Amino acid sequence: MNHRTLERVRKLLAKAEGTDNEHERATFMAVASALMAKYGIEQVTLEGPRRAAPENRVVTLADPWAREKARLVSLVAQALRCRPLLIGRGDGGQRVHVFGFAADLERADLLATSLLLQMARGLAGIELPAGFPAARAYRRSWMLGFTDEVYRLLSAAESEALRQSGTAGTELVLADRRAEVERAVAEQYPRIRRTVPRTSGTGYRDGVEAGRRADLERERLRSSEGCTPISSASGSSPT
């Protein structure tokens, strides 16, 4: 990501992380996610057929709530055209092995780091009455709802950036890139088992609403002028 765009996105994410005003946070996240989506499409156009090979990195998420954090990282990466795999515990936490092209990995890294902080802040702000039954299940389901809504909104931002690009053949290039990433995954993981998270808590809807506020102000975005990374090791593989 070019320096100017990177600094602008970082400032927007820092503002989103630091404010208690939900409308301000929504606006900052909307502009940041749209900028990164637009940048992702621009990079596809600039790289052309001589693009570099996909890269990969392992991200480790520590307790508490390591599995829920790993799921957030995975879905953010997936929304930004990367291929995440949950590979289990190791090195002090849950590990996610993410495959993708460099620009997409960088975008996913920035957004996931910020959203992890925002999710933690939202979780800390939940006030349950004394003696609330199944409080842990509520919090877990809240995080699942938050993550699912963030994934939906980021995916929509990516689709909108593609629609606005108007560049002929971009969808075909993206399909070729997806195939390259899948081949890179298959080389290291010839057998992949898919799982679906389960939730028994009652906080899912509240989590969805909290996730929606991370990118809610679409009208403000349309009128705008433009539309502490996760520790990772590029090119590493699980042990």
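Parameters at a glance
- Residues numbered from 1 in each chain as written.
- Predicted model: local features only at pLDDT ≥ 70, side-chain atom pairs only at ≥ 80, totals over all residues.
- Heavy atoms only, no water.
- Phe/Tyr/Trp six-rings, centres within 6.5 Å; stacked < 30°, edge-to-face > 60°.
- Helix = DSSP H or I, 4+ residues; strand = E, 2+ residues; numbered from the N terminus.
- Buried < 20%, exposed > 50% of the residue type's maximum accessible area, 1.4 Å probe, protein only.
- Lys NZ or Arg CZ within 6 Å of the ring centre and 35° of its normal.
- pLDDT = per-residue confidence, 0-100.
- Contact = heavy atoms within 4.5 Å.
- Core = buried A, V, L, I, M, F, W, Y, C linked by side-chain atoms within 4.5 Å.
- Pairing = 2+ DSSP bridges.
- Lys, Arg positive; Asp, Glu negative; His and termini not counted.
- Salt bridge = Lys/Arg side-chain N within 4 Å of Asp/Glu carboxyl O.
- Polar contact = N/O pair within 3.5 Å; in protein donor to acceptor, adjacent residues only side chain to side chain.

Before going further, it helps to examine the packing of aromatic side chains. A complete count under the given rule lists two aromatic pairs for this structure. Here Phe99 and Tyr189 contribute two aromatic rings whose centre-to-centre distance is 6.2 Å and whose plane-to-plane angle is 85 degrees, an arrangement assigned as edge-to-face. In this pair, Phe99 is assigned in strand E3 (residues 93-100) and Tyr189 in the loop between helix H6 (170-188) and helix H7 (204-212), connecting sequence segments 90 residues apart. Grouping residues by exposure puts Phe99 and Tyr189 together as buried. Positioned above the aromatic ring of Trp65 is the side chain of Arg136, whose terminal nitrogen or guanidinium carbon lies 4.2 Å from the ring centre. We note Arg177 situated over the ring of Phe101; from NZ or CZ to the ring centre the distance is 4.2 Å.

Looking now at the confidence of the model for the protein chain. When pLDDT is averaged along the protein chain, the result is 81, and 79% of the positions lie at 70 or above. Overall, residues 215-239 carries pLDDT values under 50, and its contacts beyond four positions in sequence, including any with other chains, amount to 61 contacts.

This part covers the nonpolar core. In this structure, Val76, Leu111, Leu115, Trp142 and Leu154 are the most contacted members of the largest nonpolar core, which totals 40 residues. Every element with two or more residues in this core is listed here: helix H1 (3-18), helix H2 (22-47), strand E1 (55-62), helix H3 (66-79), E3, helix H4 (102-124) and helix H5 (135-165). Sort the elements by how many residues they give to this core and H4 lands first, with nine residues. For Val76, the residues in contact, after removing those within four places along its chain, are Ala108, Leu111, Ala112, Leu115, Val150 and Leu154. By size, the runner-up hydrophobic cluster in this structure holds nine residues, among which are Val58, Ile87, Phe99 and Tyr189.

This part is about the pairing of E3. Taking burial as the measure, the eight residues of E3 include eight buried ones, the bulk of the element. Two strands pair when backbone bridges link them, and strand E2 (residues 83-90) and E3 are joined in this way by seven bridges, in the antiparallel orientation. In the strand pairing of E3, Arg89 is matched with Gln94. Taking the residues that link successive antiparallel strands as the turn, the E2-E3 hairpin has two residues, and the phi of Asp91 there is positive, at about 55 degrees.

Moving on, we get to unusual backbone geometry. Cis geometry is found at the peptide bond from Asp63 to Pro64, where omega equals 0 degrees. When you line up the elements, Pro64 lands in the loop between E1 and H3. One non-glycine residue, Trp65, lies in the positive phi region at around 60 degrees. One non-glycine residue, Arg81, adopts positive backbone phi at about 70 degrees. Counting through the fold element by element, Arg81 comes out in the loop between H3 and E2. Arg81 gets classed as buried once you look at its relative accessible area, which sits at 17%.

For the rest of this paragraph, the subject is the side chain of Arg95. Relative to the assigned elements, Arg95 resides in strand E3. Summary of buried charges: Arg95 has no salt-bridge partner, and the nearest side chain of opposite charge, Asp91, is 4.8 Å away. Among the polar contacts listed, one links the side chain of Arg95 to the backbone oxygen of Arg89, at a separation of 3.4 Å.

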